[in-house]
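Observations on the three-dimensional arrangement
Here is what each chain is made of, one letter per residue.
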Amino acid sequence: MATSILTALGAVLCLLPATTSATGARNYVIEDTYIGTGFTTGFYWQNIPDPTHGRVNYTDRVTASNLGLYTATSNSFIMRADSSTVLSPTGPGRNAQRIVSNKRYTTSVTVLDVAHMPQGCGTWPAFWTTSDDPNEPWPSAGEIDIVEGVNDIGPNASTMHTTNGCTMTPSTMIQTGTVPSGDTNCWTGTNNNAGCQVQNNKANSYGPALNSVGGGWYVMERTSTMVNLWFWARNDPLVPTEVSSGSGAINPAHWGTPYANFVSNNCPIGSKLGPNNIIINLTFCGDWAGNAYPSSCPSSCVDYVNNNPSAFANAYWSINSVRVYQQGCAATTATVNKRDLEAHHRHSYRGLSDL
């Protein structure tokens, strides 16, 4: 009888919606897992002219494979730039990759477990989201830059870009990060598309400093009223176990204050952000890395990228996993076992070698 009551109670609790308040329980269960060869089935290679005008040639998947620019095993995925070719000044840019998830997400939690990110003068890596739907041309569905920077300049800056009518008020953002002066309007049509930016408060959140500690975890929680971002370095003792272990169920309410907290006080987030794909890419120079090329880097940005291929040996992503969670409830009683939880795991993008 007691077991039946507990089971029924668990079922009732599972029917309750996950709250999106900043302090209440926010329950999510695993929806998609991308690991190793799963990136080759869960993502596609977008070989397009670079929208940011970089000195890059985005290859298709077959070309990237033939050139050895990506490696996918049962438990890791490495995506690199060409580091052996001197480029003709009048020819294509440096071969690199831009991959896009086949699925789009709205309310969700995305967990990036990254071991290494591209580094080097002239580099502009990003892990971000926007829509690839041609019926929703950028920026109608918004953009969220989770990990992004240029020329090895840290710390990481996370940014939201939208159509007109979305601003942030720093005093209402409960976060540990810092909003640069003037970067409070998310509209792409103002302030040179700087967007609403929050700088991470941790020095090891980007580039060589991140790589030196073996990477870490970036997490984005997105709802119709807020976008929260957390970061824990690999050696951070405070990383939640449910994040580091790839748990089947998570609750961000337990994780402490995010470093970025985009809120809906002056921004209808639910209408400014549509279904978004996950994008992982690396470009060179272009609108940001080229214009912000520092005097501490050699030559000019384009000349450096053209003539120094070996400088880009460390311009690669090494990703342990990307996990996406949807709203739902965790197991609430001892009668809900592992198999019950795994029933929530509707898709797992692992390769055939994992079966």
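Residues numbered from 1 in each chain as written. Predicted model: local features only at pLDDT ≥ 70, side-chain atom pairs only at ≥ 80, totals over all residues. Heavy atoms only, no water.

**Focus: the pairing of strand S13 (residues 216–222)**
For a regular strand, side-chain orientation follows a simple rule: the groups alternate between the two sheet faces. In plain terms, the rule: Categorising residues by exposure relies on relative accessible area from a 1.4 Å probe, with only protein chains included: less than 20% of the type maximum marks a residue as buried, more than 50% marks it as exposed, and the intermediate range marks it as partly exposed. Per the convention used, a helix needs a DSSP run of H or I reaching at least four residues, while a strand needs a run of E reaching at least two, with both numbered from the N terminus. By definition, two strands form a pair when at least two bridges between them are found by DSSP.
Most of S13 sits out of view: seven of its seven residues are buried. Burial along S13 is two-sided: the face carrying Gly216, Tyr218, Met220 and Arg222 and the face carrying Trp217, Val219 and Glu221 are both buried. Sheet analysis places S13 next to strand S14 (residues 226–233), joined by seven bridges and oriented antiparallel. Within the sheet, the bridge partner assigned to arginine 222 lies in S14 and is valine 227.

**Some details on the state of the cysteines**
Using the following cut-off: Cysteine sulfur atoms that pair up within 2.5 Å are treated as a disulfide.
Taken as a whole and assessed by the stated rule, the structure comprises four disulfides. Bridging cysteine 166 to cysteine 267, the disulfide has an S-S length of 2.0 Å. Taking the torsion about the S-S bond as the criterion, the cysteine 166 to cysteine 267 disulfide, at about -90°, is left-handed. In this pair, cysteine 166 is assigned in the loop between strand S11 (157–161) and strand S12 (196–199) and cysteine 267 in the loop between strand S16 (260–263) and helix H6 (269–272), connecting sequence segments 101 residues apart. Residue cysteine 166 is classed as buried on the basis of its relative accessible area of 1%. Relative accessible area serves as the criterion here: at 2%, cysteine 267 is assigned to the buried category.

**Here's the deal with the nonpolar core**
Counted only if it meets this: Among the buried residues, those of types Ala, Val, Leu, Ile, Met, Phe, Trp, Tyr and Cys that are joined through side-chain atoms within 4.5 Å form a nonpolar core. Contact criterion: two residues are considered in contact whenever any of their non-hydrogen atoms come within 4.5 Å of each other.
The biggest cluster of nonpolar side chains holds 47 residues, and the ones touching the most others in it are Met160, Met168 and Phe262. Residues in contact with phenylalanine 262, not counting those within four places in the same chain, are Ser158, Thr159, Met160, Met168, Met173, Cys196, Val198, Thr225, Met226, Val227, Leu229 and Ile269. Counting residues in hydrophobic clusters, the runner-up holds 16 residues, among them Cys121, Phe284, Tyr293 and Tyr304.

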